[in-house]
Amino acid sequence: MKENQTRIFEKIITRTIQFSGYSSILFVLLILFFLLSEGTPALFDVPLSQLFSERWYPIEDYYGILPLILGSLVVTLGASLVAVPFGILTAVFIAEIAPKWLQEIMKPLVELLAGLPSVVLGFLGILVVSPFLRDTLNLPTGLTALTGSLLLGGIAIPTIVSISEDALNNVPESYRHGSLALGLTRWQTIWGVTVPAAKSGILMAVMLGVGRTIGETMTVMMVTGNAPVVPTTLQALFMPIRTMTATIASEMGEVATGSSHYHVLFFIGIVLFLFTLLVNVIASNISSRKLKRSERILS
Amino acid sequence: MDKIIVENLSITYSDGVESLFDINLRIPIHQITALIGPSGGGKSTFLRVLNRLNDLADVTKTTGKVLIDGIDILDPTQDVIALRRKVGIVFSRPLPLPLSIYQNVSYGLELMGEKRKTVLDDAVERALRLAELWDEVKERLHDPANSISGGQQQRLCLARTLSLQPEIIMLDEPTSALDPVSTAKIETSLIELKKDFTVIIAPHNTQQAGRIADHVAFFLQGKLIEFSSAEDIFTRPKDVKTQDYISGKFG
């Protein structure tokens, strides 16, 4: 009797765990299905040539998503230019240069920064960064692509720092000792040995950081001005811009379900999904290559 | 002539454990001096004092003097980088840098500013020959360093150290992870090297000291128990503890 009971319990628990595991796959598939079923009609509603045109003005049936795609790319690129050097250097500082007590303070602080709600950052952008940029650069408005890039950089930095720092910490101490024992300076050791050895981890950190910025919505919606203009010159950096994420977030609430506009918004979602998928695939490729290399070293 | 003179050297780690007690030792030039004794006896710590790699460890207190060519290297104003070029070390685990075979050897020189290809080529070949590795890798100098065997990697590390033309070469259990053939090659190389360099080795077994050492220092629990010529240590040790260790009563 008792044995029977145990067996039933065992079965229930196994099933529960199994269900939790499968559910994540199920959810991803459902979301994907939903996205595709709502987004693909856009291709029939709106001719392709119009879909990739330069004018986004849904009220008059202009559904050109090109400015939105380019807007997202500009902001992401700008954010990477800020976040990548800054993030990697910070990671090097924490992992290689800072004394132990400072390390122990800085690492959790940076990770805390990663948990900062993006709406708070957007708030900061509207009240501090954007007026500052407007006044110092003498711009008509402070809500520009540059503002978005700076703040998004701030969002990507904690991710990049945290993962790069882990990668640097995983470099065997013996590499450093070997290099120092050769009479190389600390700087030569960091730049010539430690950072190259952690290269794949750092690359992965960069990709994950960039992935975060592409999908980021709240901050960019608050600080980039949301004007769907195709950025053509470098000057566009100092002008308002509109991203894919901000467009979906601001328009989805008011759109009539089933209309062309509605389907196009979902189509933008598909494009966004493809972008983040691409970044994630690159990132995981890098990380799996890292595994193979470390296996080779160990063997 | 004595290359290194150690006077009253004591070292304390930050956890309060004293690691070396009042060491007095004179290491002669162009000879092989072996440090023997059970692990935890302070051999590695002693080696790491000589090129100040201990600066990286949790050492709180170092007292006494270490004179190399008459200069006290423990003096904080000493140029550590120059010291480490003069006193090279090979660690127990062969750890080539994640570069090619050639680059592993040329790396130190390149970072010191040597750019001429011919000079680098010559230096790499000379160092690899000294380490008895040249013949095995000359066909594939640009392969990754971790594609060669462990024994070859260890000789590569030796060549890397030699490329900077140090005056003193220290080896911390250099053959503990190696096969007998590689071990023999390293030993041959060391006997050849002592003509030009001063060699200090902490072998992982006493037999190795017997095969190659001219002088032997016996360390036990942070103290230098006995120091004399290899012949004396192995045939007529003065201290009973040395005798017990060598005859294998403990260790």
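These figures come from a predicted structure and were not determined experimentally. (Residues numbered from 1 in each chain as written. Chains lettered and ligands numbered in written order. Predicted model: local features only at pLDDT ≥ 70, side-chain atom pairs only at ≥ 80, totals over all residues.)

Asker: Please explain the domain arrangement of chain A as it appears in this structure.
Answerer: Size of an interface: often given as the accessible area lost when the parts come together. Residues and elements named next belong to chain A. What the domain assignment lists for chain A is domain 1 (2–39) and domain 2 (43–298). For domain 1 and domain 2, the distance between their C-alpha centroids amounts to 33 Å. Each partner contributes residues to the interface: domain 1 has 4 residues there, and domain 2 has 6 residues. Here the side of domain 1 that touches domain 2 is built from residues that sort into 2 nonpolar, 1 polar and 1 charged. (Domains from an automatic or database assignment. Contact = placed C-beta atoms within 7 Å. Nonpolar A, V, L, I, M, F, W, Y, C, P; charged D, E, K, R; others polar.)

Asker: Help me understand unusual backbone geometry in this model?
Answerer: Both trends apply: most residues other than glycine have a negative phi, and most peptide bonds are in trans. The phi torsion at Asn138 of chain A lies on the positive side, around 60°, for a residue other than glycine. Note on placement: Asn138 of chain A falls in the loop between helix H6 (118–137) and helix H7 (145–169). Overall, the presence of 8 C-beta atoms within 10 Å leaves Asn138 of chain A in the exposed class. The backbone of Arg52 of chain B shows a phi angle near 60°, a positive value even though the residue is not glycine. You can see Arg52 of chain B is positioned in the loop between helix H1 (43–50) and strand E4 (59–68). (Helix = DSSP H or I, 4+ residues; strand = E, 2+ residues; numbered from the N terminus. Buried ≥ 20, exposed ≤ 12 C-beta atoms within 10 Å, placed from the backbone.)

Asker: In this structure, what is going on with the environment of Ile241 of chain A? I would like to understand it.
Answerer: Residues and elements named next belong to chain A. Topologically, Ile241 is positioned in the loop between helix H11 (218–223) and helix H12 (244–251). Residue Ile241 is classed as buried on the basis of its 32 C-beta neighbours within 10 Å. Along the sequence, Ile241 and Leu70 sit 171 residues apart, while their C-alpha atoms lie 9.1 Å from each other. Those residues in contact with Ile241 that sit more than four places away from it in its chain are Gly71, Val74, Val75, Ala145, Thr224, Gly225, Ala227, Val229, Pro231 and Ala236.

Asker: Teacher, can you tell me more about the confidence of the model for chain B here?
Answerer: Residues and elements named next belong to chain B. For chain B, per-residue confidence averages 88 on the pLDDT scale, and residues scoring 70 or more make up 98% of the total. The secondary structure element of chain B with the lowest average pLDDT is E4, at 86, and the one with the highest is strand E8 (residues 198–202), at 94. Here the predicted complex carries an ipTM of 0.71, next to a pTM of 0.73. (pLDDT = per-residue confidence, 0-100.)

Asker: Before we go on, may I ask you to explain the interface of chain A and chain B in this structure?
Answerer: Taken together, the contacts link 19 residues of chain A with 17 residues of chain B. If you list the elements that add at least two residues to the side of chain A that touches chain B, you get helix H8 (173–181), helix H9 (186–197) and helix H13 (260–298) of chain A. The greatest single-element share of the side of chain A that touches chain B, amounting to 7 residues, is contributed by H8 of chain A.

Asker: Would you explain the packing of helix H6 (residues 150–163) of chain B against helix H7 (residues 180–193) of chain B in this entry?
Answerer: In a packed pair of helices, the relevant descriptors are the angle between the two axes and the axis-to-axis distance. Residue and element names in this part refer to chain B. Across the interface, H6 lies against H7 with an axial gap of 9 Å and an inter-helix angle of 20°. In terms of axis orientation, H6 runs roughly parallel to H7. For the crossing formed where H6 meets H7, the hand is right-handed. For the pair H6 and H7, contact is made by Gly151, Gln154, Arg155 and Leu158 and by Val181, Ser182, Lys185, Ile186 and Ser189, respectively. For the contact of H6 with H7, the class distribution of residues is 3 nonpolar, 4 polar and 2 charged. (Axes fitted to C-alpha atoms, helices over the stretch in contact; angles between N-to-C directions. Parallel < 35°, antiparallel > 145°, perpendicular 65-115°, else oblique. Left-handed = near helix turned anticlockwise from the far one by under 90°.)

Asker: What is the right way to read the nonpolar core from this model?
Answerer: In a soluble, globular protein the nonpolar side chains are often hidden away together inside. Residues Ile160 of chain A together with Ala127, Ala159, Met170 and Val216 of chain B are the most contacted members of the largest nonpolar core, which totals 124 residues. Per-element tally for this core: the top contributor is H7 of chain A, with 13 residues. When neighbours within four sequence positions are excluded, Ile160 of chain A is seen to be in contact with Ala83, Val84, Gly87, Ile88, Ala205, Val206 and Gly209 of chain A. (Core = buried A, V, L, I, M, F, W, Y, C linked by C-beta atoms within 7 Å.)

Asker: Any chance you could explain the sheet that holds strand E9 (residues 215–220) of chain B here in plain terms?
Answerer: Residue and element names in this part refer to chain B. Here 6 strands make up an open sheet; going across it, the order is E6-E7-E8-E3-E9-E10 and the pairing mixed. Each edge of the open sheet carries a strand with a single partner, namely strand E6 (87–90) and strand E10 (223–229). Adjacent strand axes in the sheet meet at a mean angle of 15° when their direction is disregarded. (Pairing = 2+ DSSP bridges.)

Asker: I would appreciate a short explanation of the pairing of strand E7 (residues 168–172) of chain B in the present structure.
Answerer: All names here are of chain B. The buried count for E7 comes to 5 of 5 residues, which makes it a mostly enclosed element. Covered by surrounding structure in E7 are Ile168, Met170 and Asp172 together with Ile169 and Leu171, the residues of both alternating faces. As paired elements, E6 and E7 share 4 bridges and run parallel to each other. Considered in E7, the bridge of Val87 is made with Ile168. Pairing between E7 and E8: 5 bridges, direction parallel. By the bridge assignment, Leu171 is partnered in E8 with Ile201. As for the winding sense of the linkage, the β-α-β connection from E7 through H7 to E8 is right-handed. (Right-handed = clockwise from strand over helix to strand, strands pointing away.)

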